[in-house]
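Understanding the architecture of this molecule
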Amino acid sequence: MPVIAYIGLGSNVGDREGNVRRAAAFLAGAGRVAGLSSLYATEPVGNREQPGFINAVAAVETSLDPGELLAVCRSIERELGRERTVRWGPRTIDLDILLYGDRTVSTDELTIPHPLMAGRRFVLEPLAELAPGAVHPVLRRTVVELLRELQDPHAVVRLGTAGTTP
Ligand code: ATP
Ligand code: CA
Ligand code: CA
């Protein structure tokens, strides 16, 4: 049975909006792209001495297992010319698997739900557009509840209705 996976997208190098849109389109390689949030202009987290990001979240209905989905995400990053440099540094495109249905995954390569998603406004705001009632299977809170409890001061500004909701 296919599951709905939510993928976080981010870019802060080059044509940031184009990179996010192209990455979302390439997710068709993993299944049916069921939705794309609005795009958001966000303040960098972690390493602050870098350009701001454009972030969004895509919903993909997929029959791939989590490891195969990660492989597709990595191939999209390569396709769009991401050079793997420092963690939390500038990047052409970053794709993170946020949720994979209600499943949890814990391997050397993959942790699902994404371990930092519940503390990141740049993830929860776009995710709440697509899946306000989705339940975090570890914290057992909906996305809206996580957003209500969130204490993340980094600015997140929605850029109009750029995406499409299911
Ligand atoms: P952060 O995890 O804080 O968002 P990052 O996205 O900058 O940091 P990367 O360098 O892109 O980190 O990823 C490093 C590795 O994290 C990936 O190669 C992958 O194996 C692993 N990883 C673990 N869990 C996930 C997940 N849920 N989605 C994507 N990658 C993951
Ligand atoms: Ca990331
Ligand atoms: Ca990543």
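Scroll up to find the structure this text is about.
Anyway, here's the lowdown on the structure attached to this text. Small disclaimer: the values here were computed from a predicted structure and weren't measured. (Residues numbered from 1 in each chain as written. Chains lettered and ligands numbered in written order. Predicted model: local features only at pLDDT ≥ 70, side-chain atom pairs only at ≥ 80, totals over all residues. Heavy atoms only, no water.)

**A look at the overall build of the protein**
Under the convention used in this document: Only DSSP runs of H or I with at least four residues qualify as helices, and only runs of E with at least two residues qualify as strands; both kinds are numbered from the N terminus onward. The reference for a compact globule is 2.2 Å times residues^0.38; the radius of gyration itself is calculated from the C-alpha atoms. Whether a residue is buried, partly exposed or exposed follows from its accessible area with a 1.4 Å probe, protein chains only, as a fraction of its type maximum: under 20%, in between, or over 50%, in that order. Residue contacts are counted whenever heavy atoms from the two residues lie within 4.5 Å of one another. In this description, accessible areas are obtained by the Shrake-Rupley approach with a 1.4 Å probe, and a residue is regarded as covered only by the protein chains that are shown. We treat Lys and Arg as the positive residues and Asp and Glu as the negative residues; His and chain ends play no part in the count. Where a charge sits is defined by one atom per residue type, namely NZ (Lys), CZ (Arg), CG (Asp) or CD (Glu).
Of the regular secondary structure elements, the protein holds four helices and eight strands. The linear arrangement of helices and strands in the protein, starting from the amino end, is β-α-β-β-β-α-β-β-β-α-α-β. Relative to a compact globule of 166 residues, whose C-alpha radius of gyration would be 15 Å, the protein shows 14 Å and is just as compact. Along the first, second and third principal axes, the C-alpha atoms of the protein reach 40 × 35 × 35 Å. Taken over 166 residues, the protein has a buried fraction of 49%. Sequence-distant contacts in the protein: of pairs separated by 6 or more residues, those separated by 24 or more amount to 69%. On the protein, roughly 8,300 Å² of surface is accessible, and the fraction owed to carbon and sulfur atoms is 51%. When the 18 basic and 20 acidic side-chain charges of the protein are each reduced to a single mean position, those positions are 2 Å apart.

**Points about the pattern of salt bridges**
This is how it is decided: Salt bridge, as used here, is a side-chain nitrogen of Lys or Arg placed within 4 Å of a carboxyl oxygen of Asp or Glu.
In total, this model carries eight salt bridges according to the counting rule given. Residue Arg21 pairs with Glu17 through a salt bridge whose shortest N-O separation is 3.5 Å. Taken together, the positions of Arg21 and Glu17, both in helix α1 (residues 16-26) and four residues apart, correspond to about one turn of that helix. With a relative accessible area of 32%, Arg21 lands in the partly exposed category. The salt bridge partner of Arg121 is Glu125, with a shortest N-O separation of 3.1 Å.

**Thoughts on the coordination of the calcium ion (ligand 2)**
Each pair of donors in an ideal octahedron of six around a metal sits at 90 or 180 degrees, and each pair in an ideal tetrahedron of four sits at 109.5 degrees. Our working definition: Atoms of type N, O and S within 2.8 Å of a metal are treated as its donors, and for Na, K and Ca the window is 3.2 Å; water is not considered, so some sites may appear to be missing partners.
Donor atoms from the polypeptide that coordinate the calcium ion (ligand 2) comprise Asp94 (OD), Asp96 (OD) and Asp96 (OD), at 2.1 to 3.2 Å from the metal. Separating the calcium ion (ligand 2) and the calcium ion (ligand 3) is a distance of 3.6 Å, and Asp94 donates to both of them. Take Asp94: its relative accessible area is 15%, and that puts it in the buried class. Judged by its relative accessible area of 19%, Asp96 is buried.

**Some thoughts on the nonpolar core**
Convention followed: Take the buried residues of types Ala, Val, Leu, Ile, Met, Phe, Trp, Tyr and Cys, join any two whose side-chain atoms come within 4.5 Å, and each joined set is a nonpolar core.
One finds Ile7, Leu9, Leu27, Leu95 and Ile97 to be the most contacted residues of the largest nonpolar core, which totals 28 residues. Of all the secondary-structure elements, those providing two or more residues to this core are β1 (3-11), α1, β4 (53-62), α2 (66-79) and β5 (94-100). Tallying contributions element by element places α2 first for this core, with five residues. With sequence-adjacent residues up to four places away left out, Leu9 is seen in contact with Val20, Ala23, Ala24, Leu27, Leu36, Ile54, Asn55, Ala56, Ala58, Asp94 and Leu95. Ala34, Leu127, Leu130 and Val143 belong to the second largest nonpolar core, which has 20 residues in total.

**Topic: the side chain of His154**
To be explicit about the condition: Nitrogen and oxygen atoms within 3.5 Å of one another constitute a polar contact, given that in protein one can donate a hydrogen and the other can accept it, and given that sequence-neighbouring residues count only through two side-chain atoms.
The topology assignment puts His154 in the loop between α4 (143-149) and β8 (156-158). Side chain to side chain, His154 and Arg48 meet in a polar contact 3.0 Å long. Polar contacts involving the side chain of His154 include one to the side chain of Asp152, which spans 2.5 Å. Setting aside its immediate chain neighbours within four residues, His154 contacts Glu43, Pro44, Val45, Arg48 and Arg121.

**Examining the environment of Ile76**
Looking at the secondary structure, you find Ile76 in helix α2. Residue classification places Ile76 among the buried residues on the basis of a relative accessible area of 4%. The spacing of Ile76 and Ser63 is 13 residues in sequence and 18 Å in space, taken between C-alpha atoms. Contact partners of Ile76, with chain neighbours within four places excluded, come to Ala23, Phe26, Leu27, Ile93 and Leu95.

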